[in-house]
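# Results of the structural survey
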Amino acid sequence: MWFSNQLLKWYGANKRSLPWRQTKDPYCIWISEVILQQTRVDQGLPYYESFLKKFPDIESLAAADEKEVLKSWQGLGYYTRARNLHFAAKTIIDSGGRFPETFEEIIKLKGIGEYTAAAISSICFSEPNAVIDGNVYRVLSRFNGLGVAIDSCKGKKLFSSIANDVMDKSNPGDYNQAIMEFGALQCKSSNPDCESCIIKSRCAAHETGTVDSYPVKTKKVKQRARYFNYIVIEGDRGCFYQKRSAKDIWQNMYEPLLIESNKHLGRNGILKSEEWLHVFGNQEDVKLVPSASLEHRLTHQTIKARFWKAQTNFCSMNTKSPLEEFAQEDLKEIPIPRLIEKYLELSG
Ligand code: SF4
């Protein structure tokens, strides 16, 4: 109890005032938890506010068009999470509109894993389920001096058991928020503030001077490089974009004509590519001008993108091409990946 009491005391004195801490509405907590899984609080806050303004409840989210949901998520990344939120909202409405109230029911919703189910069930319904995220792993591994890898099966079980043992079961919602906030503000991954730490007298890592050794991980995230050659085709009214339909990153979002290759292509490589031939055939009267190069890192892959501007005779564009023309103002309404948004910012 000493550990949880200290964390709750620290939380009472140090917690940030955030909108999702003023409510126990499971819809709001759900949205905040999904946003915070992929971004820092200061970056996620404006997204939380604008998402709730646009979709204030489950009904409005379920009734929305997927395009609108993706547009509201634009810039946050991990778009599958937005699609899952939308899908799960429709499931809730189809089954009567009541948000499920137990961990077992909540985790059945599409896209909700153990972390989110534990967060919602503890914060909104006072169920004693410990959350385990990167902050919790860090605090528990340092405090207990645990060298078991957090990404191993053994480690996951061990940390789950310790997290549930040490939690304050009479106040699980605040306790869960306390340990995560403590990890985010005090026991940070680099430069933790050990000197002013309320639990340093019993912290194993502090005592042995091994704070930087925790948490332990076995696997390194492998980064795959992908080469995207984007052809930005400008028409009379605006720009030609296509919808990504494959089961890949950015599904259902829009982008200019894409030719993916093993390395960046030159003009000839572009004119001979399947994608180009499908849209323009063997046209030679094409002016391709290099426009910009950008690198965009995702969790497991780095996109090395090169943009070209194309000037051609658009009358001969294949009518079966997936490209659609969008006026500049309509471009603001369609969901586009952050990489394309960065390009648009750069090219004015
Ligand atoms: S003493 Fe340092 S390492 Fe230990 S819990 Fe406190 S901040 Fe974390």
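Calculation notes
- Residues numbered from 1 in each chain as written.
- Predicted model: local features only at pLDDT ≥ 70, side-chain atom pairs only at ≥ 80, totals over all residues.
- Helix = DSSP H or I, 4+ residues; strand = E, 2+ residues; numbered from the N terminus.
- Buried ≥ 20, exposed ≤ 12 C-beta atoms within 10 Å, placed from the backbone.
- Contact = placed C-beta atoms within 7 Å.
- Axes fitted to C-alpha atoms, helices over the stretch in contact; angles between N-to-C directions.
- Parallel < 35°, antiparallel > 145°, perpendicular 65-115°, else oblique.
- Nonpolar A, V, L, I, M, F, W, Y, C, P; charged D, E, K, R; others polar.
- Domains from an automatic or database assignment.
- Near = placed C-beta within 6 Å.
- Arc of directions from axis to C-beta.

Helix and strand content of the chain: 16 helices and seven strands. Considering only C-alpha atoms, the chain reaches an extent of 75 × 50 × 35 Å along its principal axes. Residues classed as buried in the chain amount to 32% of the 348 residues present. Here the analysis covers contacts within the chain between residues at least 6 apart in sequence; of these, 68% occur between residues at least 24 apart.

Attention shifts here to the packing of helix H9 (residues 134-144) against helix H11 (residues 172-185). Between H9 and H11, the shortest axis-to-axis distance is 8 Å and the interhelical angle comes to 80°. Here H11 runs roughly perpendicular to H9, going by the angle between their axes. In this structure, H9 contributes Asn135, Val136, Arg138 and Val139 to the contact, and H11 contributes Ile179, Met180, Phe182, Gly183 and Ala184. Looking at the contact of H9 with H11 residue by residue, the classes come out as six nonpolar, two polar and one charged.

Before going further, it helps to spend a moment on the domain arrangement of the chain. Here the domain parsing of the chain yields domain 1 (2-213) and domain 2 (224-347). One C-alpha centre belongs to domain 1, the other to domain 2, and the line joining them spans 37 Å. Each partner contributes to the interface: domain 1 provides eight residues, whereas domain 2 provides ten residues. In terms of residue count, the dominant contributor to the side of domain 1 that touches domain 2 is helix H5 (residues 66-73) (four residues).

We now examine the site of the ligand. Residues in contact with the ligand amount to 15 residues; listed here are only the nearest, Cys187, Cys194, Cys197, Cys203 and His206. Broken down by element, the residue count for the shell around the ligand peaks at three residues, all from H9. Here the shell around the ligand is built from residues that sort into ten nonpolar, two polar and three charged.

The next thing to look at is H5. The complete set of buried residues in H5 reads Val69, Leu70, Ser72 and Trp73. What you see down the axis of H5 is that its buried residues fit within an arc of 160°, all on one side. Those residues of H5 that are buried lie in contact with helix H3 (41-54) and helix H6 (79-94). Of the residues one or two after H5, glycine 75 is the one with positive phi, at around 105°.

This paragraph deals with the packing of helix H8 (residues 114-125) against H11. Direction vectors running N to C along H8 and H11 enclose 130°, while the axes themselves pass 7 Å from each other. Viewed along their axes, H8 and H11 adopt a mutual orientation that is oblique. Contacts from Ala119, Ser122 and Ile123 in H8 reach Pro172, Gly173, Asn176 and Gln177 in H11. Split into classes, the residues belonging to the contact of H8 with H11 amount to three nonpolar, four polar and no charged.

The next point concerns the environment of threonine 102. By secondary structure assignment, the location of threonine 102 is in the loop between H6 and helix H7 (103-106). Judged by local crowding, threonine 102 falls into the partly exposed class, with 13 C-beta atoms found within 10 Å. Once residues within four sequence positions are removed from consideration, threonine 102 is found in contact with Ser121, Phe125 and Glu127.

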